[in-house]
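Here is what each chain is made of, one letter per residue.
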Amino acid sequence: YAEIGRNRAFLAYALAGAFLISGLAAYLNSSSGVLIGLYGLSPTFYGILFAILPLGFMAGSFLAARYVERTGMDTMILIGAVVCLAAAIVVFALALAGLQHWLAIIAPMAIYMIGFAFVMPQISAGALSPFTTIAGSASSLQGFMLSVMTATVSALLALFADGTAVPMTAAMAISASAVMLVYLFAI
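Conventions and cut-offs
Residues numbered from 1 in each chain as written. Predicted model: local features only at pLDDT ≥ 70, side-chain atom pairs only at ≥ 80, totals over all residues. Heavy atoms only, no water. Phe/Tyr/Trp six-rings, centres within 6.5 Å; stacked < 30°, edge-to-face > 60°. Helix = DSSP H or I, 4+ residues; strand = E, 2+ residues; numbered from the N terminus. Buried < 20%, exposed > 50% of the residue type's maximum accessible area, 1.4 Å probe, protein only. Contact = heavy atoms within 4.5 Å.

Peer 1: Can you break down the packing of aromatic side chains residue by residue, with the values?
Peer 2: Per the stated rule, a full pass over the model turns up five aromatic pairs. Seen in terms of ring centroids, Y27 and F50 are 6.2 Å apart; in terms of plane orientation they differ by 25°. Their pairing is stacked. Here F50 lies in helix 3 (residues 43-50) and Y27 lies in helix 2 (residues 8-38), a separation of 23 residues in the sequence. Taking the centre distance of 5.4 Å and the plane angle of 90° together, the rings of F45 and W102 count as edge-to-face. Of this pair, F45 sits in helix 3 while W102 sits in helix 6 (residues 102-128), and the two are 57 residues apart along the sequence. On the basis of relative accessible area, W102 is assigned to the partly exposed category, the value being 24%. Members of the aromatic cluster, connected to one another through ring pairs, are Y27, Y46 and F50.

Peer 1: Describe the environment of M145, with residues and values.
Peer 2: Note that M145 resides in helix 7 (residues 135-160). With 123 residues separating them in the primary sequence, M145 and S22 have C-alpha atoms 11 Å apart. Those residues in contact with M145 that lie beyond four places of it in its chain are F10, A14, L15 and A18.

Read these as layout, nothing more, since geometry by itself doesn't imply function.
Structure representation (structure tokens):
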């Protein structure tokens, strides 16, 4: 783990992945409270809306698989990071504006999932590529970093919960911004 943890490429890709997944974790941890508790959706309708996210992920995966060979791994990460950042900024701005409609959360989140699908496989490939003989250990360390980041975001969301969508969407915007910064300065 010490050898893996000293590798700059691994750290850059793994950190970008940890930030990216923390934006998704913010949504997963808080969306039921926002959409059911605050916006008044029924649990059944919330469940139906929740199915839109995998559709966004599937669409993003389909597109990424078609274009990654043409664009390259790092360019695909950039495209996905921009998509995630744009979606996160929109959902945050709508929450700050006080718009309390399920579409203000679900539509940007579906777009976020398209970008997520562009980024996550490339992040994993980038993190593991320097370690052909110890890829399992590198994958394990990357998974640990993702878990620590999502647990941290979950704890912060509980701490800053205020009965609005702002903490959830702020966490998404901060996470997506961090992915972009890691990309620009480390990847």
